[in-house]
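Letter by letter, the chains look like this.
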Amino acid sequence: AQKVTQAQTEISVVEKEDVTLDCVYETRDTTYYLFWYKQPPSGELVFLIRRNSFDEQNEISGRYSWNFQKSTSSFNFTITASQVVDSAVYFCALSEWGTGGFKTIFGAGTRLFVKA
Amino acid sequence: NAGVMQNPRHLVRRRGQEARLRCSPMKGHSHVYWYRQLPEEGLKFMVYLQKENIIDESGMPKERFSAEFPKEGPSILRIQQVVRGDSAAYFCASSPHGGQGPTYEQYFGPGTRLTVT
């Protein structure tokens, strides 16, 4: 069965610190997708990244980077030089083929506080 | 290109009333997903629909909840006889297709926050 674990419930850092949000997943499929979403205090969900199971290349986008390690079933997210605007809840999600299409399971989220 | 639209953004209902939540997918998207987010929790899958078809409703409570995605018009999530435990944010997402493909991803709407008093 699918499962996504975000062990860190809350993280608090001071601006300009680097911070890594952990995500560990479980799946029996060989084809699946991994996502990160940001939910700022306003409540909407903002898509950050999608990774498919065949692409283990790490990705960097500005201050954001993602480390996908199939050997440890992890898809960790690092924010470099954090800013107050990064304060949000971050969700890791896993999609695998289910009844009629892909089904997405979300982790419980990690709440990040960035203090000025 | 407008994103996924949900309305209303906030909905207040008294116990026992009905709640109707609407979702208009992105243009060209024919697959809709509904998720529920209880306070301080992650999103939980409820139902996946294509036009005029429910594909997967394994996450829907067996009673009081129903969803549809008609040929014309938005997808509707309907909650009958609401109870306090239904208070949550309900998110809709759409995708251009549900099968495997290089462009698969779900685009989320802003959510409807339902409060049952």
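Thresholds applied
- Residues numbered from 1 in each chain as written.
- Chains lettered and ligands numbered in written order.
- Predicted model: local features only at pLDDT ≥ 70, side-chain atom pairs only at ≥ 80, totals over all residues.
- Heavy atoms only, no water.
- Disulfide = S-S within 2.5 Å.
- Helix = DSSP H or I, 4+ residues; strand = E, 2+ residues; numbered from the N terminus.
- Salt bridge = Lys/Arg side-chain N within 4 Å of Asp/Glu carboxyl O.
- 1 Å grid on protein atoms, 1.4 Å probe; cavity = no way out; pocket = protein on both sides within 12 Å on 5 of 7 lines; lining within 4 Å.
- Points joined across faces, edges and corners; volume = space filled by probe spheres on them.
- Nonpolar A, V, L, I, M, F, W, Y, C, P; charged D, E, K, R; others polar.
- Pairing = 2+ DSSP bridges.
- Axes fitted to C-alpha atoms, helices over the stretch in contact; angles between N-to-C directions.
- Buried < 20%, exposed > 50% of the residue type's maximum accessible area, 1.4 Å probe, protein only.

**Student:** What am I meant to see in the state of the cysteines here?
**Tutor:** What makes a disulfide is a covalent bond joining the sulfur atoms belonging to two cysteines. All names here are of chain A. Inspection of every chain in the model, using the stated rule, returns two disulfides over all chains. Through a disulfide, C23 is tied to C92; the S-S separation comes to 1.9 Å. Across the S-S bond of C23 and C92 the torsion is about -65°, and the bridge reads as left-handed. With C23 in the loop between β3 (19-21) and β4 (24-26) and C92 in strand β10 (residues 88-98), this residue pair connects regions lying 69 residues apart in the sequence.

**Student:** I would appreciate a short explanation of the pattern of salt bridges in the present structure.
**Tutor:** A side chain of one charge can pair with a side chain of the opposite charge when the charged atoms of the two come close. A complete count under the given rule lists six salt bridges over all chains for this structure. For A:R51, the salt bridge identified is with A:D55, shortest N-O distance 3.4 Å.

**Student:** Can you help me understand the layout of surface pockets in this one?
**Tutor:** A water-sized probe rolled over the atoms picks out the places where empty space is left. One number sums up the size of the largest pocket: a volume of about 530 Å³. Along the wall of the largest pocket there are 27 residues; nearest its centre are A:Q39, A:V89, A:R111, B:Q37 and B:E40. Of all elements in the fold, only β10 and β12 (110-115) of chain A together with β9 (88-95) and β11 (112-116) of chain B reach the threshold of two or more residues within the lining of the largest pocket. Top contributing element to the lining of the largest pocket by residue count: β12(A), with four residues. In the lining of the largest pocket, the residues fall into 13 nonpolar, nine polar and five charged.

**Student:** Is there a simple way to think about the sheet that holds strand β8 (residues 75-79) of chain B in this case?
**Tutor:** Backbone-to-backbone hydrogen bonds join strands into a sheet, with any given pair of strands oriented parallel or antiparallel. Residue and element names in this part refer to chain B. Within the open sheet, the four strands sit side by side as β1-β3-β8-β7. Their pairing is antiparallel. Looking at the sheet topology across the chains shown, the edges are occupied by β1 (5-7) and β7 (65-68). Each strand of the sheet is rotated relative to its neighbour by a mean of 15°, with strand direction disregarded.

**Student:** Explain unusual backbone geometry to me, please; I cannot follow it from the model alone.
**Tutor:** Peptide bonds are mostly trans, and most non-glycine residues show a negative phi. Here the amide bond leading from B:N7 into B:P8 is cis, since omega sits at 0°, within 30 degrees of zero. Relative to the elements of secondary structure, B:P8 occurs in the loop between β1 and β2 (10-13). In this structure, A:K16 is a non-glycine residue whose phi angle is positive, near 85°. On the basis of relative accessible area, A:K16 is assigned to the exposed category, the value being 69%. Unlike most non-glycine residues, B:R64 shows phi in positive territory, near 75°. Residue placement: B:R64 occurs in the loop between β6 (53-56) and β7.

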